[in-house]
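# Chains, contacts and geometry: an overview
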Amino acid sequence: MKKYLILSFLVPTLFSCSVAQQASQKKYADLLTESSAKAHLTTLASKEFAGRGTGQEGGKKTVEYIAKVFKDLGLKPAVNGSYYQPVALEKQSYVVDNFSINNTPYTNGKDFFVQGNNNSQAFKASEIVVVGYGIQSEKYNDLAGQDIAGKVVLFLNEGDPKDKSGNSLVTGTSTQSDWATSRFKKAQELTKLNPAMIIAVSPQNTEMIKRFGSRLTGGRFTLRSEGTAANQPTMGIPVANITEEIANQILSANKTSLAQVREQISTTGKPHTFTVKANVDATMGVKKEEFNDPNVLGVIEGTDLKNEVVIISGHYDHDGVLPDGTFFPGADDNGSGTVGVMELAKAFAAAKNDGKGPRRTILFMAFAAEEKGLLGSNFYSQNPIFPLANTVTCLNMDMIGRIDDKHLDGNHNYIHAIGSDMLSSELKQINEKANKDYTQMELDYMYDDPKDPMRIYYRSDQYNLAKHGIPVIFYFSGLHPDYHTPNDTVDKIDFPMMVKREKLVFHTAWDIANRDKKLVVDKPLPTTE
């Protein structure tokens, strides 16, 4: 009876404490507002910030903006008195100084595009060897008896040649050979014959240039320590991909055309290789640049569990501005997640100022160069400011401001919470409880399906923490038609839902940062991509 009486007094007390804590927690969550989110996002997605491109002026303005927000909120700089962790990057671009055929100049990314890794050099020739489909097989060989060493060659990069019945001249059936189905096989096999330059013509090249234009000339970024990715095909001999229109201009010197070349091969069932008089004059090659784009880090130090760290993150970079002046606002991708990081920093900073700061340290981090291959988060995982062994979780926001195609005609009150139970059986439960108690959204787990063809879990920054055994959640509102286009603008953001999603991250982070025990890690590491 005595125990019962003690408990009967204690239960109301505990309940009162719980209610008070929830009210306090909600008070700080309510600091996340639509007006504040819109003000930040309007700035980040403006023309002045020019798409927040890696290695571009817009990116520099963005990191300065985020660092100032962190400083004004009273967050501590995390990196030796600085808010910046420089990420050592290398940009490798293929630069075409000039490219002309028969004294007609052509522009890289507008009229053609080049694949190659040769050092910058001059290419001059007075003729082009047309080698049909560029196939070298036992049954069908465009290069039989041909010496193309040191010459400029042109081939049709469009599948197998076909006979009058539509069968492949290589396989003898309707099934195409690996010369057609392997993306790089023809060019790679031609390079073994040591031509000076390869020109590839394909019906798809016009559409490629139209769709991607200057992006084709934007270069490739890597962490400086990684260099050239081992799994990328290398072509020391450049391959210039031209349109059918340009190819026909070249072939007109022999009073022929692509259609006639195809027709002759189809009619005779034999290769058709010949030489065209053409003045080729080009100077082009790889240019490498080294630079640093920083991760931006601000810290709210914890109290009795300050050695343990909760990361709240989102990448700030987007596609920037192209050489032709086209800029990509990136309001949703990932202006929305960047704003989420700053807004949550505001809420936790207010709690800290009121003496109700988190028990665990919270690291607010805006990652660099996510669009270039998750490079900022990869760099941090290799060079952590706080030990990864002490990092409790990473809650990552990447695109939280729109309604995706799946939900557009249905329930808008949702969020994709990706990977919450990949490593920890507790993290998903905590997130679901936070949602039940405070935000009441549909938690969509479609991307947790191991058979997900999009492999979304592996495509944002949280994966670089997860692969080190750190439980993560990737908060994502999903794909939409404006993804990676100039149409990803502020006016299309659903701010009520964006803020609601921010609040879910806040409540989940609050629980994790203040609970007695560190999250359990009781599941195996995720498999690699």
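Residues numbered from 1 in each chain as written. Predicted model: local features only at pLDDT ≥ 70, side-chain atom pairs only at ≥ 80, totals over all residues. Heavy atoms only, no water.

## Some remarks on the overall build of the protein
Scanning the protein for helices and strands turns up 13 helices and 16 strands. Considered along the principal axes of its C-alpha atoms, the protein spans approximately 105 × 45 × 40 Å. Within the span of the protein, comprising 529 residues, buried residues form 51% of the whole. Contacts spanning at least 24 positions in sequence make up 83% of the contacts within the protein whose residues lie at least 6 apart. Here the protein contributes 58 positively and 62 negatively charged side chains, and the mean placements of these two sets differ by 3 Å. (Helix = DSSP H or I, 4+ residues; strand = E, 2+ residues; numbered from the N terminus. Buried < 20%, exposed > 50% of the residue type's maximum accessible area, 1.4 Å probe, protein only. Contact = heavy atoms within 4.5 Å. Lys, Arg positive; Asp, Glu negative; His and termini not counted. Charge placed at Lys NZ, Arg CZ, Asp CG, Glu CD.)

## Some words on the packing of aromatic side chains
Note on aromatic pairs: each is described by the distance of the centres and the angle between the planes. On inspection of all chains with the given rule, the structure shows 13 aromatic pairs. Ring geometry for Phe-348 against Phe-364: centres 6.2 Å apart, planes inclined by 50 degrees, an arrangement best described as tilted. Taken together, the positions of Phe-348 in helix 9 (residues 331-353) and Phe-364 in strand 12 (residues 360-367) put the pair 16 residues apart, joining distant regions of the chain. Comparing Phe-348 with Phe-364, the two get one shared label, buried. The rings of Tyr-28, Phe-348, Phe-364, Phe-506 and Trp-510 are connected pair by pair, giving a single aromatic cluster. Directly above the ring of Tyr-445 sits Lys-428, whose terminal nitrogen or CZ lies 4.1 Å from the centroid. (Phe/Tyr/Trp six-rings, centres within 6.5 Å; stacked < 30°, edge-to-face > 60°. Lys NZ or Arg CZ within 6 Å of the ring centre and 35° of its normal.)

## A short note on the environment of Asp-178
By the secondary structure assignment, Asp-178 is in helix 4 (residues 178-181). Residue Asp-178 is classed as partly exposed on the basis of its relative accessible area, which comes to 42%. Separated by 102 residues in the primary sequence, Asp-178 and Val-280 place their C-alpha atoms 31 Å from one another.

## Things to note about the environment of Ala-434
Mapped onto the secondary structure, Ala-434 falls in helix 11 (residues 425-439). Its relative accessible area of 6% is what places Ala-434 among the buried residues. Along the sequence, Ala-434 and Lys-372 sit 62 residues apart, while their C-alpha atoms lie 33 Å from each other. Among residues more than four places away in sequence, those in contact with Ala-434 are Thr-439, Leu-504, His-507 and Thr-508.

## Observations concerning the packing of helix 7 (residues 244-251) against helix 8 (residues 258-268)
Interaxial distance between helix 7 and helix 8 falls to 9 Å at its minimum, and their mutual angle equals 80 degrees. On the basis of the axis angle, helix 7 is roughly perpendicular to helix 8. Contacts between helix 7 and helix 8 involve Glu-244, Ala-247, Asn-248 and Leu-251 from the first element and Leu-258, Val-261 and Arg-262 from the second. Its residues assigned to classes, the contact of helix 7 with helix 8 shows four nonpolar, one polar and two charged. (Axes fitted to C-alpha atoms, helices over the stretch in contact; angles between N-to-C directions. Parallel < 35°, antiparallel > 145°, perpendicular 65-115°, else oblique. Nonpolar A, V, L, I, M, F, W, Y, C, P; charged D, E, K, R; others polar.)

## Here's the deal with the nonpolar core
Formed by 71 residues in total, the largest nonpolar core has its most connected members in Phe-70, Val-296, Phe-348, Phe-364, Tyr-475 and Phe-506. In terms of residues, this core owes the most to one element, helix 13 (residues 495-514), which gives eleven residues. When near neighbours in sequence (up to four residues on either side) are disregarded, Phe-506 contacts Gln-25, Tyr-28, Ala-29, Leu-32, Leu-344, Ala-347 and Phe-348. Counting 37 residues, the second largest nonpolar core, distinct from the first, contains Trp-179, Met-197, Val-276 and Met-284. (Core = buried A, V, L, I, M, F, W, Y, C linked by side-chain atoms within 4.5 Å.)

## Remarks on the pairing of strand 10 (residues 274-300)
Pairing analysis gives two bridges linking strand 1 (residues 76-77) to strand 10, with the strands arranged antiparallel. Across the sheet, Pro-77 pairs through a bridge with Gly-298, a residue of strand 10. Pairing between strand 2 (residues 84-101) and strand 10: 17 bridges, direction antiparallel. Looking at the pairing, Gln-85 lines up with Asn-295 of strand 10. (Pairing = 2+ DSSP bridges.)

## Regarding the pattern of salt bridges
In this structure the tally under the stated criterion is 25 salt bridges. A salt bridge links Arg-402 to Asp-482, with the nearest nitrogen and oxygen atoms 2.9 Å apart. One end of the pair, Arg-402, is in the loop between strand 13 (391-397) and strand 14 (414-418); the other, Asp-482, is in the loop between strand 16 (472-476) and helix 13, and 80 residues separate them in sequence. In terms of burial, Arg-402 and Asp-482 fall into one category: buried. (Salt bridge = Lys/Arg side-chain N within 4 Å of Asp/Glu carboxyl O.)

## Describing helix 13
Between its terminal C-alpha atoms helix 13 stretches 28 Å, which fits the 28 Å expected from 20 residues at 1.5 Å a residue. Extensive coverage of helix 13 is indicated by the burial of 15 of its 20 residues. Sitting at the head of helix 13, Asp-494 places a side-chain oxygen 3.2 Å from the backbone nitrogen of Met-497. (Expected span 1.5 Å × (residues − 1). Polar contact = N/O pair within 3.5 Å; in protein donor to acceptor, adjacent residues only side chain to side chain.)

## Description of the side chain of Asp-444
Looking at the secondary structure, you find Asp-444 in strand 15 (residues 442-444). Given the relative accessible area of 5%, Asp-444 is considered buried. A distance of 2.9 Å separates a polar atom in the side chain of Asp-444 from the backbone nitrogen of Met-446. The residues contacting Asp-444, other than those within four sequence positions of it, are Lys-406, His-407, Ile-415, His-416 and Ala-417.

## Looking at helix 2 (residues 34-44)
Within helix 2, the full set of buried residues consists of Ser-36, Ala-37, His-40, Leu-41 and Leu-44. In a view along the axis of helix 2, the buried residues occupy a sector of 120 degrees, so they form one face of it. (Arc of directions from axis to C-beta.)

## Some remarks on the packing of helix 3 (residues 57-73) against helix 9
Close contact between helix 3 and helix 9 brings their axes to 10 Å; oriented N to C, the two are set at 10 degrees. By the angle between their directions, the pair helix 3 and helix 9 is classed as roughly parallel. From helix 3, Tyr-65, Ile-66, Val-69, Phe-70 and Leu-73 reach across to helix 9, where they touch Thr-338, Val-341, Met-342, Ala-345, Lys-346 and Ala-349. Grouping the amino acids of the contact of helix 3 with helix 9 by side-chain chemistry returns nine nonpolar, one polar and one charged.

## Topic: unusual backbone geometry
If a residue is not glycine, its phi is most likely negative; likewise, a peptide bond is most likely trans. For the bond from Asp-333 to Asn-334, the omega torsion is -10 degrees, close enough to zero to count as cis. Relative to the helices and strands, Asn-334 is located in helix 9. Backbone geometry at His-484 places phi at a positive 55 degrees, although glycine is not the residue there. If you trace the backbone, His-484 turns up in the loop between strand 16 and helix 13. Here His-484 falls in the buried class, since its relative accessible area comes to 17%.

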